[in-house]
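Each chain, written out:
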Amino acid sequence: MHEGAPAVSRRNFLAVAAASGAAAVATPGGHAEAQGVAALAKSAPVQAPDHAQMEAEIGTPIKVAATMAEPGGRPGSDYMVDVLRALDIDYVATNPASSCRGLHESINNYAMNKKPELLTAMHEEVATAMAHGYAKVSGKPMGLLFHGTVGIQHAVMAFYNAWCDRVPMLVMSGNHVDAAHRPPGIPTTHAAQDPLALVRDFTKWDDQPGSLQAAVESLTRAHKVAMTPPYGPVCISLDAHLQEGSAPAGQIRIPKVSRVSPAQAASEDLREAARLLVAAQNPVIVVDRGARTHAFQAMLVELAELLGAAVVDQLGRQNFPSHHPLNQTSRARGVATAADVILGLELNDFWGIVNSYSDVAEPRQGRRIKEGVRLISINSRDLFLKSNYQDFQRFQEVDLAMAADAEASLPGLIEAVKAALTPEARAAAAKRTAAHGTAVAKQLERMIGVDATYAWDASPISTARLSAELWAVIKNEDWALVSRDVRLSNWPHRFWTFDKPYQYIGDSGGAGQGYGMGAAIGAALAHREHGRFVVNLQGDGDLMYGPGALWSAVHHRIPLMTVMHNNRAYHQEVMHVQRVGNWRDRGVERAHIGTTIEKPHVDFATLARSMGMEGIGPIVDPADLGPALRRAAQIVKAGDPVMVDVVSQPR
Amino acid sequence: MKRLVMALFAGAATLSAGLTSAHADAARGREVYTKVGCYQCHGFEGQGANTGPRIGPEPIDVEALKSFLRNASATAMPPYSEKLVSDGDVADIHAFLASVKKPPAAKDIPLLNNR
């Protein structure tokens with residue numbers, strides 16, 4: 001203590017300083033706990049120390065100005081908003097976090113919650129799924145704003161889904177990296193030296209810039225990386241002192257944003273691919289995440305028709321019209337077995353086309369297709385891989401590998417095919433097209449005219465009946481499906497005519513549960529400006545990972561018909577446990593333990609209603625289904641989300 | 001696959017006679033069908049799904065069904081030993097599958113005709 005300083009005991013000073021701090025954060029509507037501490041401070045018998053007293057007590061001056069706005073400066077987070085606008089980011093989904101309060105406040109009061117607009121999510125995993133679905137419809141990233149530690153930890157699985165599904169999103173997280181200036185307690189608990197290390201294995205790029213100028217440049221670079229095929233999630237840690245600091249107007253330069261041209265395959269390789277395809281007797285095109293934009297589908301139709309090639313759509317995106325005569329997805333195994341040339345477009349698992357694997361007690365694997373089949377690959381995944389997580393699947397040797405974006409390469413391939421086609425090859429292609437069309441029409445007739453009729457009046461309701469009833473409601477609308485239908489035995493893809501490039505967006509990518517509802521909301525948000533009628537076929541187990549998503553749909557008034565495929569189980573897992581039980585001759589009677597969602601049944605309609613969403617059901621009698629769906633359609637057309645709970649057959 | 005099915009049917013033909021559905025109990029068969037999890041892949045009515053083919057209402061011969069259940073280890077379906085599903089259970093399951101009401105014809109279902 002230096003000489004002449006007023007006598008303030010250490011105990012009294014600390015008590016007053018703590019109480020003052022508490023009072024500073026206790027705002028109207030603030031936490032009761034903080035208000036309680038503030039109330040205690042009010043009645044404390046000592047006065048707050050002045051600056052001299054504080055200096056005398058701790059021996060060094062306190063200066064925290066580095067984190068506060070300089071007089072005449074613009075808040076750092078306002079510059080960040082300027083960048084988001086330059087990047088054409090329309091929405092930022094968030095679960096609020098103190099380490100992001102600067103940017104949050106700038107979006108509220110500087111951007112006036114317009115471009116970007118904040119979307120409130122009740123879990124970071126849901127927010128990330130919203131960004132995931134949104135990007136696949138809009139073609140551009142959504143922003144995400146999370147706590148740097150606990151928020152990112154909540155979101156991790158959803159990042160992995162986005163990584164596997166090659167979906168861009170711009171994640172911004174807060175941090176307090178400077179130990180000398182960060183607030184003690186929770187903000188320090190939430191601080192990290194390297195907060196994005198946790199997700200580095202499955203994000204394309206991350207950074208933690210050290211200055212405001214570096215921050216705006218990092219955001220711009222991140223967007224560029226995310227939007228360069230293969231797309232992917234990117235993360236920037238924006239330290240609180242950058243958000244809450246300031247810089248004079250004009251001092252920070254917002255970088256120019258430029259579109260990155262996707263990599264095209266080399267023209268000589270495209271000519272060689274064309275030569276092989278035109279010479280083939282049974283060319284087959286297998287496509288997974290081919291459609292990066294809405295332009296892809298028309299190009300793939302043109303290529304397939306030129307070649308008379310069977311197309312097997314693995315449904316990672318809306319790649320090919322569902323009822324085109326060359327769509328041989330339902331005959332995939334047969335056409336692959338007959339193929340002499342296979343072109344793989346943006347395949348995640350070419351090995352699985354060439355080989356089979358039987359999940360039996362003693363697993364077997366072997367070649368599925370003929371020896372000598374020529375394999376051609378165009379895949380942007382070859383341009384960017386990481387080591388740890390194995391989403392790149394088994395290695396498949398091919399005859400011609402083009403590390404390039406398939407969509408960007410299709411125009412060159414189509415031209416090369418046109419140049420290589422002879423009149424004889426064109427005639428052979430026409431013959432193949434007719435044969436493929438006949439075969440698939442016959443199969444479709446059997447599926448719709450025979451298979452769909454079985455269990456038509458059953459309860460639980462059959463997935464064929466559910467799909468047919470839904471089709472009757474949406475077929476005259478400008479509709480889009482924003483979920484995968486494999487768990488409904490693909491009945492929608494058999495019944496419904498998917499021919500517009502926005503009518504389907506694939507699945508989660510990483511098969512991480514908790515994706516469905518959030519992704520559907522994000523996708524429906526992107527469809528909203530086009531006035532489309534959006535349907536989500538929702539799994540019951542998946543929704544229960546983040547049911548708060550329902551609230552976000554209502555709060556932001558996003559029209560969406562969610563049809564709960566309520567089979568009251570994690571059904572895939574029931575089958576797995578069942579299978580192992582039988583292999584071990586122990587039976588399946590206990591397979592329901594840990595796998596079913598019964599006792600009690602979840603009442604999804606009531607769950608929806610609890611968050612302000614109209615809930616219909618549970619629908620048990622198939623005769624009630626049509627009227628329920630028609631009522632739900634009216635709600636969606638009025639601009640609101642709705643839930644129809646349908647107690648369904650397992651698949 | 002075709003060869004496998006042929007082999008299974010051939011095997012079934014050599015099995016001892018006596019497993020018939022003449023005295024089988026369809027109501028009990030439905031209970032067993034549910035209890036041993038057949039419905040998980042084939043549906044509650046045996047209608048089939050992308051996880052397993054249709055097996056009702058006109059099931060394969062009861063001996064063939066039994067043979068398939070016992071020897072299913074070569075397929076995606078898990079095998080059911082005598083310990084897990086007795087011959088009597090198989091007969092009852094078969095009776096249940098045979099009792100499932102035949103579906104209406106597609107032509108009589110408007111939703112399947114106005115696509």
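Residues numbered from 1 in each chain as written. Chains lettered and ligands numbered in written order. Predicted model: local features only at pLDDT ≥ 70, side-chain atom pairs only at ≥ 80, totals over all residues.

## Focus: the overall build of chain A
Argument step 1. Summing up its helical and strand segments, chain A has 24 helices and 20 strands in all.
Argument step 2. By the burial criterion, 51% of the 651 residues in chain A qualify as buried.
Argument step 3. Long-range pairs, those at least 24 residues apart, make up 79% of the contacts in chain A between residues at least 6 apart in sequence. (Helix = DSSP H or I, 4+ residues; strand = E, 2+ residues; numbered from the N terminus. Buried ≥ 20, exposed ≤ 12 C-beta atoms within 10 Å, placed from the backbone. Contact = placed C-beta atoms within 7 Å.)

## Considerations on the confidence of the model for chain B
Residue and element names in this part refer to chain B.
Argument step 1. Averaged over every residue, the pLDDT of chain B is 84; the share at 70 or more is 80%.
Argument step 2. Taken together, the stretch residues 1–18 has pLDDT below 50 and engages in 14 contacts with residues farther than four places along the chain or on a different chain.
Argument step 3. Prediction confidence for the complex, expressed as pTM and ipTM, is 0.89 and 0.85 respectively. (pLDDT = per-residue confidence, 0-100.)

## With respect to the sheet that holds strand S2 (residues 91–94) of chain A
By definition, the strands of a sheet pair up through backbone hydrogen bonds, in either a parallel or an antiparallel sense.
Residue and element names in this part refer to chain A.
Argument step 1. Judged by pairing direction, the sheet is parallel, and its 6 strands sit side by side in the order S3-S2-S4-S5-S7-S6 without closing on themselves. Looking at the sheet topology across the chains shown, the edges are occupied by strand S3 (117–120) and strand S6 (205–207). Neighbour-to-neighbour, the strand axes of the sheet open up by a mean angle of 20°, direction not taken into account.
Argument step 2. Relative to strand S5 (residues 169–175), strand S4 (residues 143–146) is paired through 4 bridges, and the arrangement is parallel. When the sheet's bridge partners are listed, Phe146 is paired in S5 with Ser173. (Pairing = 2+ DSSP bridges. Axes fitted to C-alpha atoms, helices over the stretch in contact; angles between N-to-C directions.)

## Notes on helix H22 (residues 571–583) of chain A
Residues and elements named next belong to chain A.
Argument step 1. The first and last C-alpha atoms of H22 sit 19 Å apart over 13 residues, in line with the 18 Å expected at 1.5 Å per residue.
Argument step 2. Buried within H22 we find His571, Val574, Met575, Gln578, Arg579 and Asn582. Seen along its axis, H22 keeps its buried residues to an arc of 130°; they face one direction.
Argument step 3. Among the residues trailing H22, Asp585 stands out with phi positive, at a value near 60°. (Expected span 1.5 Å × (residues − 1). Arc of directions from axis to C-beta.)

## Structural notes on the environment of A:Val647
Argument step 1. Considering the arrangement of structural elements, one finds A:Val647 in strand S20 (residues 641–647).
Argument step 2. Along the primary structure A:Val647 and A:Val620 are separated by 27 residues, whereas in three dimensions their C-alpha atoms are 5.5 Å apart.

## Considering the environment of A:Ala129
All names here are of chain A.
Argument step 1. Position of Ala129 relative to the elements: it lies in helix H6 (residues 124–138).
Argument step 2. On the neighbour-count criterion, Ala129 (34 C-beta atoms within 10 Å) is buried.
Argument step 3. Through-space distance from the C-alpha of Ala129 to that of Ser508 is 8.6 Å; in sequence the pair is 379 residues apart.

## Quick look at the confidence of the model for chain A
All names here are of chain A.
Argument step 1. Looking at chain A as a whole, the pLDDT averages 91, with 89% of positions reaching at least 70.
Argument step 2. Here residues 1–46 scores under 50 on pLDDT; set against residues more than four positions off or in separate chains, the count is 38 contacts.
Argument step 3. Low confidence marks residues 54–67, where pLDDT is under 50. Its contacts with residues over four positions away, or in another chain, come to 19 contacts.

## A look at the interface of chain A and chain B
Argument step 1. Listed as interface residues are 36 residues of chain A and, on the opposing side, 30 residues of chain B.
Argument step 2. Put simply, the parts of the chain that give the side of chain A that touches chain B at least two residues each are helix H16 (423–449), helix H17 (463–474) and H22 of chain A.
Argument step 3. Of the residues forming the side of chain A that touches chain B, the biggest block, 6 residues, is contributed by H22(A).
Argument step 4. In terms of residue class, the side of chain A that touches chain B is made up of 20 nonpolar, 9 polar and 7 charged. (Nonpolar A, V, L, I, M, F, W, Y, C, P; charged D, E, K, R; others polar.)

## Focus on the sheet that holds strand S17 (residues 533–539) of chain A
All names here are of chain A.
Argument step 1. The strand order S16-S17-S18-S20-S19 describes an open sheet built from 5 strands, whose pairing is parallel. Of all strands in the sheet, those bounded by a partner on one side alone are strand S16 (479–481) and strand S19 (614–619). Here the average twist between neighbouring strands, direction ignored, is 20°.
Argument step 2. Where strand S18 (residues 560–566) lies against S20, 7 bridges are found, and the strand directions are parallel. Among the inter-strand pairings, Leu560 is bridged to a residue of S20, identified as Pro641.

## Re the nonpolar core
All names here are of chain A.
Argument step 1. Counting residues in each nonpolar core, the largest one holds 152 residues, and the members touching the most others are Met130, Leu144 and Val644.
Argument step 2. Here this core takes 9 residues from helix H7 (residues 150–165), the largest share from any one element.
Argument step 3. Per-domain counts for this core show at least three residues from each of domain 2 (73–248) and domain 4 (450–647).
Argument step 4. Not counting chain neighbours up to four residues away, the residues in contact with Leu144 comprise Val92, Ala93, Ala127, Thr128, Ala131, Met169, Leu170, Val171 and Met172.
Argument step 5. Residues Ala309, Ala339, Ile342 and Ile353 belong to the second largest nonpolar core, which totals 48 residues. (Core = buried A, V, L, I, M, F, W, Y, C linked by C-beta atoms within 7 Å. Domains from an automatic or database assignment.)

## Considerations on the packing of helix H12 (residues 296–307) of chain A against helix H15 (residues 406–420) of chain A
All names here are of chain A.
Argument step 1. Relative orientation of the contacting elements H12 and H15 amounts to 25°, with a least axis distance of 10 Å. Considering their axes alone, H12 and H15 lie roughly parallel with respect to each other. Every pair of crossing elements has a handedness; the one defined by H12 and H15 is left-handed. Contact residues: H12 offers Phe296, Met299, Leu300, Glu302, Leu303, Leu306 and Leu307, while H15 offers Glu407, Leu410, Pro411, Leu413, Ile414, Val417 and Lys418.
Argument step 2. Class assignment of the residues belonging to the contact of H12 with H15 gives a composition of 11 nonpolar, no polar and 3 charged. (Parallel < 35°, antiparallel > 145°, perpendicular 65-115°, else oblique. Left-handed = near helix turned anticlockwise from the far one by under 90°.)

## So, the pairing of strand S11 (residues 341–345) of chain A
Residue and element names in this part refer to chain A.
Argument step 1. S11 sits mainly inside the fold: 5 of its 5 residues count as buried.
Argument step 2. Judged from the 5 bridges that link them, strand S9 (residues 283–287) and S11 form a sheet pairing that is parallel. Opposite Val284, over in S11, you have Ile342 as the bridge partner.
Argument step 3. The pairing of S11 with strand S14 (residues 374–378) spans 5 bridges and is parallel. Within the sheet, the bridge partner assigned to Val341 lies in S14 and is Arg374.

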